[in-house]
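Here are the chains, one letter per residue:
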Amino acid sequence: MTGWLEGNVALITGGGSGLGRAVAERFLDEGASVVVADRDPAKLSELVESAGGRADRIHTVEADVRSTADQHRAVSEAVARFGKLDTLVPNAGIWDYQRSITRLDGESLSAAFDELFAINVKGYLLAVEAAWRELVKTRGSIVMTLSNSAFYPNGGGPLYTASKHACRGLVLELAYELAPKVRVNGVAAGGMRTDLRGPESMGMADRSIETSFARSATTGDNPLLPLHDASVDPADFTAPYVLLASSANSSNITGAIIPVDGGIAARGFRTAAGGDDL
Ligand SMILES: NC(=O)c1ccc[n+]([C@@H]2O[C@H](COP(=O)([O-])OP(=O)(O)OC[C@H]3O[C@@H](n4cnc5c(N)ncnc54)[C@H](O)[C@@H]3O)[C@@H](O)[C@H]2O)c1
């Protein structure tokens, strides 16, 4: 049986762990060749070592998504190694550990804004700037990792929520600007167990979201979300990426965002946050 992405060449930023890595592995399963750009060389080596017989369809690039030179090098290496680029997945990101405005002073807010937006927003835009010319040649597509935080509060603090709303804007604007040759879509993923880190400027570079999930008790027959609790496996989020990367199956879809979040939109009213404690 052939996969949905047979012959596709995809570049995934932040594919060294978590969701990006799960997408890379799923794309390999579907027949694609993948280029993974990540700032952590240990994660890149581990990805290649665990790839077994599929290692010849993986190319890794040590890159920081805040650097336009690194982003262009990733695209050049993709084309040099596999001959073209069909799919770009801007995905590398960090979280703000839901640090609310009431717990940030102006100086730390300013520094964390610059760091988080440089990775979560500028990193996506620089990836597109580096890749769009190659994507035009292949009539390819872009699939951005968004979040429930691109639509709803309380999936982060104001910094993370604003960054993911900004990326929702990028999906729409870039879908408009790159049509009809390049499609641009997004996947609004809900919470999952990954190694998602926080801003270095907030002293959170070594914190991992995995420990937050490990601390919070699973909710059994009263799940946090309509379909399940929040701590799902990243592999459960990868199918929409395959659909949106496959020109044979989504050639008429652009500017769309698929929510994969356990049904947040269907959970109804909950309590207000601040209340009398403010
Ligand atoms: N974990 C969740 O609950 C969740 C939910 C919704 C959306 N997301 C989004 O998924 C995406 C992937 O995050 P994840 O949860 O898989 O976390 P993760 O930390 O496991 O993976 C992110 C990867 O990005 C890399 N990275 C971080 N900053 C980078 C930079 N400046 N340059 C290059 N690489 C960099 C990291 O080394 C890491 O390998 C992010 O955009 C995140 O916002 C995560």
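Per an unreviewed UniProt entry, the recorded name for the chain is 3-(Cis-5,6-dihydroxycyclohexa-1, 3-dien-1-yl)propanoate dehydrogenase, and the organism is Prescottella soli. Its UniProt record gives the chain a comment under Sequence similarities (unreviewed entry), which states: "Belongs to the short-chain dehydrogenases/reductases (SDR) family."

**Q** How should the site of the ligand be read in this particular structure?
**A** Every one of the 31 residues lining the ligand counts as a neighbour, but Ser17, Asp38, Asn91, Tyr160 and Thr194 are closest to it. Here an oxygen atom of the ligand and a backbone polar atom of asparagine 91 are 2.7 Å apart. Starting from 830 Å² of accessible surface for the ligand in isolation, the protein chains cover 97%. Put simply, the parts of the chain that give the shell around the ligand at least two residues each are α1 (18–29), α4 (106–138), β5 (141–147) and α5 (158–178). Broken down by element, the shell around the ligand gets its largest block of residues, three residues, from β5. Within the shell around the ligand, the residues separate by chemical class into twelve nonpolar, eleven polar and eight charged.

**Q** Any chance you could explain the layout of surface pockets here in plain terms?
**A** Rolled over the atoms, a probe sized like a water molecule indicates the empty space that remains. The calculated volume of the second largest pocket comes to roughly 170 Å³. Along its surface, the second largest pocket is lined by 17 residues, and Asn8, Asp86, Ala245, Ser246 and Ser247 are the ones closest to its centre. Counted by class, the lining of the second largest pocket contains four nonpolar, eight polar and five charged residues.

**Q** Explain the environment of leucine 227 to me, please; I cannot follow it from the model alone.
**A** Secondary-structure assignment places leucine 227 in the loop between α6 (209–215) and α7 (239–245). Relative accessible area serves as the criterion here: at 66%, leucine 227 is assigned to the exposed category. Separated by 86 residues in sequence, leucine 227 and serine 141 have C-alpha atoms that sit 30 Å apart.

**Q** I would appreciate a short explanation of the pairing of strand β1 (residues 9–13) in the present structure.
**A** Every regular strand shows the same layout, with side chains that alternate between the two sheet faces. Among the five residues that make up β1, five are buried, leaving the element largely enclosed by the rest of the structure. The alternating pattern of β1 places Val9, Leu11 and Thr13 and Ala10 and Ile12 on opposite faces, both of which are buried. The pairing of β1 with strand β2 (residues 33–38) spans five bridges and is parallel. The residue bridging threonine 13 from the neighbouring strand is alanine 37, located in β2. Regarding the hand of the β-α-β motif, the stretch spanning β1, α1 and β2 is right-handed.

Cut-offs applied
- Residues numbered from 1 in each chain as written.
- Predicted model: local features only at pLDDT ≥ 70, side-chain atom pairs only at ≥ 80, totals over all residues.
- Heavy atoms only, no water.
- UniProt positions renumbered as here; feature names shortened; annotations may be inferred.
- Near = heavy atom within 4 Å.
- Polar contact = N/O pair within 3.5 Å; in protein donor to acceptor, adjacent residues only side chain to side chain.
- Areas by Shrake-Rupley, 256 points an atom, 1.4 Å probe, with all protein chains shown as cover.
- Helix = DSSP H or I, 4+ residues; strand = E, 2+ residues; numbered from the N terminus.
- Nonpolar A, V, L, I, M, F, W, Y, C, P; charged D, E, K, R; others polar.
- 1 Å grid on protein atoms, 1.4 Å probe; cavity = no way out; pocket = protein on both sides within 12 Å on 5 of 7 lines; lining within 4 Å.
- Points joined across faces, edges and corners; volume = space filled by probe spheres on them.
- Buried < 20%, exposed > 50% of the residue type's maximum accessible area, 1.4 Å probe, protein only.
- Pairing = 2+ DSSP bridges.
- Right-handed = clockwise from strand over helix to strand, strands pointing away.

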